[in-house]
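Listed below are the residues making up each chain.
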Amino acid sequence: MELTVPFLQGIAAITTFAVNAKKFIPNPNPNISPAIIALTKAVHETEMYFRDRVRGFERDFSREDVLSRLWSDAEEPVRLVDPHLSELCRYKAKYWLFPESYSRSQVVELHITLEGMNAALQRLRDIPE
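Quick caveat: nothing in here was measured; it's all calculated off a predicted structure.

**Observations concerning the overall build of the protein chain**
Broken down by element type, the protein chain carries 6 helices and 0 strands. When the helices and strands of the protein chain are listed from N to C terminus, the series reads α-α-α-α-α-α. About 8800 Å² of surface is accessible on the protein chain, with carbon and sulfur atoms providing 60% of the total.

**A word on the pattern of salt bridges**
In the structure shown here, the tally under the stated rule is 7 salt bridges. For the salt bridge of Arg51 with Asp52, the shortest nitrogen-to-oxygen distance reads 2.9 Å. Classification of Arg51 by relative accessible area gives partly exposed; the value is 36%. Of the charged contacts in the structure, one is a salt bridge between Glu75 and Arg90, with a shortest N-O distance of 3.4 Å. Separated by 15 residues along the polypeptide, Glu75 in helix H3 (residues 61–79) and Arg90 in helix H4 (residues 83–97) bring together distant segments of the chain. Given the relative accessible area of 23%, Glu75 is considered partly exposed.

**Observations regarding the packing of aromatic side chains**
Per the stated rule, a full pass over the model turns up 5 aromatic pairs. Geometrically, the ring pair formed by Phe50 and Trp96 is tilted, given 5.7 Å between the ring centres and 50° between the ring planes. Taken together, the residues span a long stretch of sequence, with Phe50 in helix H2 (residues 32–54) and Trp96 in helix H4 at a distance of 46 residues. Residue Phe50 is classed as partly exposed on the basis of its relative accessible area of 33%. For Trp96, a relative accessible area of 2% corresponds to the buried category.

**A word on the environment of Ala74**
With respect to the secondary-structure elements, Ala74 resides in helix H3. On the accessibility criterion, Ala74 (0% relative accessible area) is buried. Excluding its chain neighbours within four sequence positions, the residues that come into contact with Ala74 are Ala38, Leu39 and Cys89.

**Observations regarding the nonpolar core**
Residues Leu39, Trp71 and Leu85 are the most contacted members of the largest nonpolar core, which totals 27 residues. Taken together, the elements giving at least two residues each to this core come down to H2, H3, H4 and helix H6 (114–125). Take this core: its biggest share by element is 8 residues, from H2. Ignoring any residue separated from it by four or fewer positions in sequence, one finds Trp71 in contact with Leu39, Ala42, Val43, Thr46, Cys89, Lys92, Ala93, Trp96 and Met117.

**Brief notes about H2**
Compared with the 33 Å implied by 1.5 Å per residue over 23 residues, the 32 Å span of H2 between its first and last C-alpha is a close match. Here the buried face of H2 lies against H3, H4 and H6. Just beyond H2, the residue with positive phi is Gly56, at close to 105°.

Reading guide: rules and limits
Residues numbered from 1 in each chain as written. Predicted model: local features only at pLDDT ≥ 70, side-chain atom pairs only at ≥ 80, totals over all residues. Heavy atoms only, no water. Helix = DSSP H or I, 4+ residues; strand = E, 2+ residues; numbered from the N terminus. Areas by Shrake-Rupley, 256 points an atom, 1.4 Å probe, with all protein chains shown as cover. Salt bridge = Lys/Arg side-chain N within 4 Å of Asp/Glu carboxyl O. Buried < 20%, exposed > 50% of the residue type's maximum accessible area, 1.4 Å probe, protein only. Phe/Tyr/Trp six-rings, centres within 6.5 Å; stacked < 30°, edge-to-face > 60°. Contact = heavy atoms within 4.5 Å. Core = buried A, V, L, I, M, F, W, Y, C linked by side-chain atoms within 4.5 Å. Expected span 1.5 Å × (residues − 1).

Just distances and angles here, no functional claims.
Pasting the structure below:
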């Protein structure tokens, strides 16, 4: 095979294309899975608590403490992926320490509704790993 100028230019163009194409492939983020796991636990436990309240169970201060810890525990792994969402986890942890201190409108205003946190979890799941 003879190495002609057009042949070498073609090889150079393909190499340049391959190098530039790598810039458009998202880099995997090793922090996403731990954030998803921590946030999933907090969301799921909160959903179960609300389910039980709807079924007529009394308020359970011990479970509310657990929920506060779960939201607090989610704060750091989530911060590595989404600092704003991490701040919402912190607000949610504080909410569960004193839920009677918050009105529904304050929860909505702080963007810490369970629906909103669940939607944020879904957005995290859409980030390529």
